2 protein chains.
Amino acid sequence: MVYTGLYDFMRLQRQAPDPLYLQIKDGLIAAIRAGDFAPNERLPSERELSEQYDVSRMTVRQALLSLVRDGVIYTRVGKGTFVAAPKIDQQLRTLTGFSQDVQARGGRPSSRVLDADVVNAAPEVAAALRITPQSEVIRLVRLRLSDDLPLAVEKAYLPFVRFPGLLTHDFAVESLYAVLEHDYGLALTQAEQVLEAVVADAEEVRLLELTAPAAVMRMQRLTVDSDGEPVEYVLSSYRGDRYKFRFALQAGR
Amino acid sequence: MVYTGLYDFMRLQRQAPDPLYLQIKDGLIAAIRAGDFAPNERLPSERELSEQYDVSRMTVRQALLSLVRDGVIYTRVGKGTFVAAPKIDQQLRTLTGFSQDVQARGGRPSSRVLDADVVNAAPEVAAALRITPQSEVIRLVRLRLSDDLPLAVEKAYLPFVRFPGLLTHDFAVESLYAVLEHDYGLALTQAEQVLEAVVADAEEVRLLELTAPAAVMRMQRLTVDSDGEPVEYVLSSYRGDRYKFRFALQAGR
DNA sequence: CGTATAGACCGGTATAGACCATTTTGTGCT
DNA sequence: AGCACAAAATGGTCTATACCGGTCTATACG
């Protein structure tokens, strides 16, 4: 067991090459972004692509199906595969994190990192992220401010194996969502939230500079990627007097 | 071209059978819903399922991948395929009134009408409903209970001119949404909500049988009909310790 | 000239088999 | 009893092939 640490180190450094279908997917994305294919233009057929990349047609299909899921392309039986029209509002395709949220309200967001480390997952966290209990998770605890006034305490948990180099970023400056999107190519589009009103506990009173008794809104959010895989589990406490949660409801289509 | 209509008719009548993988998918969904598999319980392995359904493993995988995309199941290499925790999404994305909401959580909803009258609209109410200030509005104040325990105080305001006979109903028994739907033919499909955590005031402490200090979630909701016309403006106060707001967020498309 | 129709091409579905990395289980040794 | 290691089981990836029904086009027919 002498080399376990070293092995883990190497395993993390030299990450395994992506599977073929992901390489093909990335190649097609790059080609589309480079303008090789205009919106609504036909891509080479699956059989042609399988020749070009020298893989079986099924492997090409796996790449294409993934792109369809991400909304990059669409298919028509008998006609071909086409580049999807670019989204009108690209920012709205991502879920808004704290920074964008505050900005949208006209505030100036800032953050103070209280904790940024790797810990063993508590049972609740492991269950939410659907990882084995006690496995390593990144813990990122931040105090969130709007115009230099404390607004929320936010504890984010992410599976370490998936984002080994995440903590090299300075999250007092960078947005977690932005890093996940740009460095890991994740499109965060779905989340489940639970909101609850409680009387602030001692820690919340101290960090949010409240005077007891005060009310806080506790939020728990589970964000999943386009494959439905849990990406982050966030526990937040918002000052009740400075934060209102607005959203629109719409009945089942 | 004489028989085109007949051909279309037959084509619609005799719809093609679903592909195998969709049949398998539906079968698994039915089994899960029927309770054959509890949340986080392991499903039969892909190889077992391919024997049971007498199809190839790839076909089973196609069904399973589709279920993963839908968030119904999740997979873990080397371990198996598991039923996902039930989605909040389903019913709660639709616009529900208090009664349906409580029922969906397994509770027995009831109501006590505290006020049911016609008053002149306060400025805030008039602005929300987009009617002229001081015009008449129906005010319906109800204490909402789940299993006979106070859960919320709800003040609903509706424009009187639009629902003159509304107060002939007994809203201790009938659901406001049901009456609006059946008697006025309204399909309530859109609403805007604002949530806020506050320390309960004296009235809330008394009505909700709280012991101060306690936290309540104040909600204001503006419901509009399919024409975008405001229908009701509701101010609610939910006991923080008995009510959690769950909902799904989805970006883009 | 218009129009059927055959054939080529397209994505969608399905098969059978192979190998991989991860995880659990079982076995046999100390 | 405890532990190391092999074996079994699992989902993930990939190949090669086949057939289906929808779509388009060129060609032959009336």
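For the structure, check the block above.
Anyway, here's the lowdown on the structure attached to this text.

Calculation criteria
- Think of each chain on its own: its residues are numbered from 1, step by step along the sequence as written.
- Key to labels: chains lettered from A, ligands numbered from 1, both in the order written.
- Side-chain atom pairs in this predicted model are given and counted only at pLDDT of 80 or more, local residue features only at pLDDT of at least 70, and totals for whole chains, interfaces and linings cover all residues.
- Calculation of side-chain values draws on the structure's entire complement of heavy atoms; hydrogens and water are dropped beforehand.
- Secondary structure is summarised from DSSP: a helix means a run of H or I of at least four residues, a strand means a run of E of at least two, and numbering begins at the N terminus for each.
- The buried label applies to any residue whose accessible area, calculated with a 1.4 Å probe on protein chains only, is under 20% of its type's maximum; exposed applies above 50%, and partly exposed to all values in between.
- We call two residues contacting when some pair of their heavy atoms lies within 4.5 Å.
- Only the protein chains shown count as cover for residues, and the accessible areas themselves come from Shrake-Rupley with a 1.4 Å probe.
- Residue proximity to a molecule or strand is established when one non-hydrogen atom of the residue lies within 4 Å of it.
- In protein, a polar contact requires one atom able to donate a hydrogen and another able to accept it; more generally it is a pair of N or O atoms within 3.5 Å, and residues adjacent in sequence count only if both atoms are side-chain atoms.
- Just so you know the grouping, Ala, Val, Leu, Ile, Met, Phe, Trp, Tyr, Cys and Pro go in nonpolar, Asp, Glu, Lys and Arg go in charged, and all remaining residues, Gly too, go in polar.
- Here the axes come from fitting lines to C-alpha atoms, over the contacting stretch only for helices, and the angles between their N-to-C directions go from 0 to 180 degrees.
- Angle categories: roughly parallel below 35 degrees, roughly antiparallel above 145, roughly perpendicular from 65 to 115, and oblique for all the rest.
- Handedness of a helix crossing follows the sense of rotation of the near helix relative to the far helix, less than a right angle counterclockwise being left-handed and clockwise being right-handed.
- Whenever a carboxyl oxygen of Asp or Glu lies within 4 Å of a side-chain nitrogen of Lys or Arg, that contact is scored as a salt bridge.
- Helices are assigned an expected span. That span is 1.5 Å times one less than the residue count.
- Note: the arc covers the axis-to-C-beta directions of the helix.

Here we look at the overall build of chain A
Helix and strand content of chain A: eight helices and nine strands. Buried residues in chain A amount to 43% of all 253 residues. The long-range fraction of contacts in chain A, counting pairs at least 24 apart against all pairs at least 6 apart in sequence, stands at 57%. Of the roughly 13,900 Å² of accessible surface on chain A, a fraction of 52% belongs to carbon and sulfur atoms.

Topic: the protein's contact with DNA strand C
Surveying the vicinity of DNA strand C reveals 27 residues, the closest of which are A:Glu46, A:Arg57, B:Leu20, B:Ser56 and B:Thr59. With respect to DNA strand C, the side chain of A:Thr75 contributes an N or O atom lying 2.9 Å from a phosphate oxygen. The contact in question runs from a phosphate oxygen of DNA strand C to an N or O atom on the side chain of B:Thr59, over 2.4 Å. Mapped onto the surface near DNA strand C, the elements with two or more residues apiece are α3 (46–52), α4 (57–69), β1 (73–76) and β2 (80–83) of chain A together with α2 (20–33) and α4 (57–69) of chain B. Broken down by element, the residue count for the surface near DNA strand C peaks at four residues, all from α4(B). A class-by-class count of the residues in the surface near DNA strand C yields eight nonpolar, nine polar and 10 charged.

Brief notes about the packing of helix α2 (residues 20–33) of chain A against α4(A)
Residues and elements named next belong to chain A. Orientation of α2 relative to α4, taken along the N-to-C sense of each, is 55°, at an axis distance of 8 Å. With respect to α4, the element α2 is oriented oblique. Pair α2 / α4 crosses with right-handed handedness. Contacts between α2 and α4 involve Leu20, Tyr21, Ile24, Lys25, Leu28 and Ile29 from the first element and Thr59, Gln62, Ala63, Leu64, Ser66 and Leu67 from the second. By residue class, the composition of the contact of α2 with α4 is eight nonpolar, three polar and one charged.

Some points on the pattern of salt bridges
Should their charged atoms come close, side chains of opposite charge can pair. Residues and elements named next belong to chain A. In this structure the tally under the stated criterion is 24 salt bridges over all chains. Between Glu154 and Arg142 there is a salt bridge, with the nearest N and O atoms lying 3.3 Å from each other. Of this pair, Glu154 sits in strand β5 (residues 149–159) while Arg142 sits in strand β4 (residues 136–146); the two residues are 12 residues apart in sequence, bridging distant segments of the chain. Residue Asp241 pairs with Arg239 through a salt bridge whose shortest N-O separation is 2.7 Å. Assessed through its relative accessible area of 53%, Asp241 is described here as exposed. The structure contains a network of salt bridges with shared partners spanning Glu46, Arg57 and Arg61.

Regarding α2(A)
Residue and element names in this part refer to chain A. For α2, which comprises 14 residues, the first-to-last C-alpha distance of 20 Å matches the rise-based estimate of 20 Å (1.5 Å per residue) to within 8%. Every buried residue belonging to α2 is among Ile24, Lys25, Leu28, Ala31 and Ile32, and all of these are buried. One side of α2 holds all its buried residues, which, seen down the axis, span an arc of 125°. Of the residues trailing α2, Gly35 is marked for its positive phi of about 90°.

Side note on the environment of B:Ala202
For B:Ala202, the location among the structural elements is in helix α9 (residues 202–207). On the basis of relative accessible area, B:Ala202 is assigned to the exposed category, the value being 63%.

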